[in-house]
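# Architecture at a glance
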Amino acid sequence: MYLFLHLLINLKIFTAKMATAQIIPVRVGVVLDMDDYGKMAFNCISMALTDFYATHDHYRTRLALTNRDSKYDVVGAAAAGLDLLKNVQVQAIIGPMFSVQANFLISLGHKAQVPIITFSATSPSLSSLRSPYFVRATLNDSSQVGSIAAIVHAFGWREVVPIYEDNEFGEGIIPFLTDTLENVNVRLPYRSVVPPLATDDQIVAELYKLMTMQTRVFVVHMLTHLGARLFAKAKQLGMMSKDYAWIVTDSVTNELNSMDPTVVESMLGVIGVKPYVTKTKELDDFTVRYKRRVRQNNLNVYGLWAYDTAIALAMSAEKAGLDNLTYQESNTSTNSTDLEAFGVSLNGPKLIRALSSIEFTGLAGDFQLVDGQLQAPPYEIVNVVGPGARVIGYWTKENGIVKELNFTSVSDDNLGSIIWPGDKSSPPKGWVVPTNGKKLRVGVPAKVGFTEFVRVTWNSDNTTKVEGYCIDVFDAVMAALPYGVQYEYVPFATPDRKMAGNYNDLAYQVYLGKYDAVAADVTILGNRSKYVDFTLPYTESGISMVVLIEEDKSENAWVFLKPLTWQLWLTSFCSFLFVGFLIWILEHRINEDFRGPFWYQFGTIFWFAFSTMVFAHKERVISNLARFVLIIWFLVVLILTQSYTASLTSMLTVQKLQPTVTDVNVLIQNKEYVGYSKTSFVFGVLKKMNFDESRLRPFTSLEQMDELLSRGSGNGGVAAAFHEIPYIKLLLGKYCSKYMMVGPTYKTDGFGFVFPIGSPLVPDVSRAILNVTEGQKMVEIERKWFGDKTKCLDSNALLLPKNLGLASFWGLFMIVGIVGIAALIIYAAKFLSENSTVLNHSDPESTTWSKIIRLIKNFDNKDLKSHTFKKHKPSEKDDNYYDVDDDPSNFSPTTYGHSSPVFSSSPEQNTEIDPNEKTSEQTAMPANEIH
């Protein structure tokens, strides 16, 4: 028994030794600044390996950590990395902590083919190195710019000033932040750069500079120690008040819990963003164990990423199947430096491939590398309130800002209640008038003419009085803003009190910074918008032509012909003849009113046709076809006569005032002189319209404009003047009985107020303009400066109405034509059917012409079968009636082919023959007795 136990103990010892002999230690370097932050990260890495191998004791590989202190320095990090590669020959390096320390270390790892894995170096510029041996097991700073832009856009801020460190960490995010903000129409008017080792005086000087600017929205991207100093000084300077909005990136937000409470108190109202970490049981257990181990409460997301990094590297080492953990010696000369005197890892390529394919759920969330870096989770949006921060919403790339992660709508309403700086619940507008005590300098032109728009008057003490239509509108608009803005008017004038240039020069002064705005009759033009921003227009837009009014001398004896064009007159005349002739055809055989001698019937056609125009015809209509045609025709006649009457009445009763010119092309063809404002852009417009430059005469005032128009083109004046509609309204308000605006209106955008490009005032002033122009205030201002335009005649009422043309009635004539032709075809078919014996007669001596003659003669005879003549008995028929069809045996070629006229001029010869009274003499009847 004793022997058995001894053998069993020896077997266990042997098995343990064999297992120990199979474990492969993998040397891993750790480069950290060994302060509280670095110690927190190193503790997380150590705890990660302990936890991992406790549950994975079957792994052949074990990570063996070798720690080096980078001593808060770039050179220290490089020296630590070089020592690990040359003397320890590590297979991977975890670190460094900061982006500024990473560049050189990444280059060393690339040369040695050793993976450099950082859990805290977040600068986007590091990825530009494109080293396959650099792994960012943390988030790229550029992944949070979308959440920042969404916050800015949600509150309608138009300008943002970034405040960042003057190093690789601070500068790396700026290009991405700028592009993302521009996508939501937000600009960066200034970039505040603070040195990493800035003194308190340097920080205060930079904050004072920010206080003199209009923008009050700041995005702070700094490491914690510098950010804390910045906010402490901002609090002292009163910059944590109701007018300011502060947004901090995750570099500060991630460490709010570990910051000094007095610093956090100075950040009241700040909004921050940070990666969202799912609360899990594993995370809670680790947090408890960490506090028990280190007895500190400084754990943050960087410690979680450090923990996950160690787990990922341990899994990769096992997956890569590392065995030969040596370096291949490099071929270096004896004079080589330490930077060249290290070899190349034989396992580096396998390890980096394995690490790139590792996927698992860690304490910080899903661990998955794409293009060598961790993928971004949703971002939390927090608000600093009291001693800590409160979550007010989330941001995802797919849904934007949401109150809960399962929401999908985007709006600032999706954020929870926010406490803003100054302990205010309403968001700041994002800008203010500069606190340097200056008022907005509003430029106004010292113009000579058209002073109703802007008038500058110098007082005896050299002060100025500025008034006019544009000034009243500007004052009303600024008063309508939801906040007060102090401003003063500054004349754009030379020392001798004359205008210092044209309106292009005046707008350009805003671009140069001499003026903060311009309030004047400045037209919104594309070339001006390249240098300044315009508000919405506050006047009507367009360029038009104004001419003299003259009495209409066109009244004469033939005015009654003017309502219709000659084409419509001709078409109407032909239509009357067509309808009259058609009715005669349809009624001739059955209606006594349409029978008689030739000239009588000819006159009846004309009489009946034109008598329908006034519905004065006395002939009755018997045929249904004729009645149907007349129904349509009466409708056409009614429309024609009523339209003619209305047009003639309008021509006779309208005011007999006409413009001297109505067509621009007439001015060009006749080479007339035209006027334009000397200070306006209208000159260029007229040249584009092909006006001869020598035929253009300038004017500078309303009085000069009136004088040129009164003289006329042949007396040193102009035939017409071109100007913008507001100026023309001013002229008409003063001389409304003398001039009128005619011709087409050429598109412009009207008058607008001028501000610098990107000015936050522009959208607010534009909204205020809409409120003013839609109210009674604008009507009062216009009446004050332009007079009561209701007393003037409407230019459209002064023009004679246009005469009516065929284009307005061709549909009616088409209907009459279709109905008439259809009735004629129906009648002809019926007539030919009744006289088919004539067409089908087979006498060899008959010809086509003889048959046509016979049909004409039958058409000229009465239709005794019609109900009109049924009251006659056969014995009572007229003696002169003859019809060969009643007795075919009496037909003879001689009689059939006789060419007697259809109508007889003698009434006695128009009597009809009774076919029942046939005698032997009928076959020899004289031809002139057949009707």
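Look up: the structure comes first, before these words.
My aim in this report is to walk through the structure given alongside it, one point at a time. Here the residue index of a chain counts from 1 through its sequence in written order. For a predicted model such as this one, the threshold for reporting local features is a pLDDT of at least 70, and the threshold for listing and counting side-chain atom pairs is 80 or more; totals across whole chains, interfaces and linings nevertheless cover every residue. As a rule here, side-chain values cover all heavy atoms of the structure and leave hydrogens and water aside.

The helix and strand tally for the protein chain stands at 30 helices and 31 strands. Only protein chains enter the accessibility calculation, which uses a 1.4 Å probe. A residue is then buried if its area is under 20% of the maximum for its type, exposed if over 50%, and partly exposed in between. Buried positions account for 49% of the 931 residues belonging to the protein chain. Here a residue-residue contact requires only that any non-hydrogen atoms of the pair lie within 4.5 Å. The contacts of the protein chain with a sequence gap of at least 6 include a subset with a gap of at least 24, amounting to 72%. The Shrake-Rupley method, run with a 1.4 Å probe sphere, supplies the accessible areas, and residue values consider only the shown protein chains as cover. About 45,000 Å² of surface is accessible on the protein chain, with carbon and sulfur atoms providing 55% of the total. Secondary structure elements follow DSSP: runs of H or I no shorter than four residues count as helices, runs of E no shorter than two count as strands, and numbering proceeds from the N terminus.

Time to look at unusual backbone geometry. Here the bond from Gly-95 into Pro-96 is cis, since omega is 0 degrees, no more than 30 degrees from zero. Structurally, Pro-96 can be placed in the loop between β3 (92-94) and α4 (102-112). Positive phi outside glycine occurs at Gln-89, with the angle close to 55 degrees. Here Gln-89 shows up in the loop between α3 (74-88) and β3. In this structure, Asn-690 is a non-glycine residue whose phi angle is positive, near 75 degrees. One can find Asn-690 in the loop between α21 (682-688) and β28 (696-699).

Two strands make a pair as long as DSSP finds a minimum of two bridges between them. Examined bridge by bridge, strand β1 (residues 24-32) and strand β2 (residues 61-69) share nine bridges and lie parallel to one another. Across the sheet, the residue bridging to Arg-27 is Ala-64, located in β2. Looking down the strands as they point away from the viewer, one classifies a crossover as right-handed if the path from the first strand across the helix to the second runs clockwise. Of the crossover connections in this fold, the one passing from β1 over helix α2 (residues 36-55) to the parallel β2 is right-handed.

Residue count minus one, scaled by 1.5 Å, sets the expected span of a helix. When the terminal C-alpha atoms of helix α13 (residues 301-320) are compared, their 28 Å separation across 20 residues agrees well with the 28 Å that a helix rising 1.5 Å per residue should span. Burial analysis of α13 places 17 of its 20 residues in the buried class, which makes it a mostly covered element. Sitting at the head of α13, Asn-300 places a side-chain oxygen 3.0 Å from the backbone nitrogen of Tyr-302. The first or second residue beyond α13 is Gly-321, which carries a positive phi of 65 degrees. Any pair of N or O atoms that falls within 3.5 Å is considered a polar contact. Within protein, one atom must be able to donate a hydrogen and the other to accept it, and sequence-neighbouring residues count only if both atoms are side-chain atoms.

Attention now moves to a nonpolar patch on the surface. A cluster of nonpolar side chains, Phe-573, Phe-598, Trp-599, Phe-602 and Phe-606, forms an exposed patch at the surface whose accessible area comes to about 540 Å². Element by element, the count of residues in the nonpolar patch is highest for helix α18 (residues 598-611), at four residues. Note on placement: Phe-573 falls in helix α17 (residues 566-587). Within the patch definition used here, like charges are joined within 9 Å and nonpolar side chains (Val, Leu, Ile, Met, Phe, Trp, Tyr) within 5 Å, considering only residues with over 30% relative accessible area and no salt bridge. A pair is scored as a salt bridge if a Lys or Arg side-chain nitrogen falls within 4 Å of a carboxyl oxygen belonging to Asp or Glu.

So, on to the sheet that holds strand β16 (residues 379-385). Taken in spatial order, the eight strands of this open sheet run β7-β6-β8-β9-β10-β16-β17-β18, and their pairing is mixed. Single-partner strands in this sheet number two, and they are β7 (192-194) and β18 (400-402). Ignoring strand direction, the axes of neighbouring strands in this sheet form an average angle of 25 degrees. Two elements, β16 and strand β17 (residues 388-396), share seven bridges in a ladder whose sense is antiparallel. Axis angles are defined between N-to-C directions and span 0 to 180 degrees, where every axis is a line fitted to C-alpha atoms and, for a helix, only to the segment in contact.

The calculated volume of the largest pocket comes to roughly 850 Å³. Grid points spaced at 1 Å over the protein atoms alone were grouped into cavities, where a 1.4 Å probe fits but cannot get out, and pockets, open sets with protein on both sides within 12 Å along at least five of seven lines, with lining residues defined by an atom within 4 Å of a point. Along its surface, the largest pocket is lined by 32 residues, and Asp-35, Tyr-37, Phe-98, Leu-223 and His-225 are the ones closest to its centre. Every element with two or more residues in the lining of the largest pocket is listed here: α2 and α9 (224-236). For the lining of the largest pocket, the element with the most residues is α2, which contributes three residues. Polar here means any residue outside two lists: the nonpolar Ala, Val, Leu, Ile, Met, Phe, Trp, Tyr, Cys and Pro, and the charged Asp, Glu, Lys and Arg; Gly therefore counts as polar. The residue makeup of the lining of the largest pocket, split by class, is 14 nonpolar, twelve polar and six charged. Grid points are joined across faces, edges and corners, and a volume is the space filled by probe spheres set on the points.

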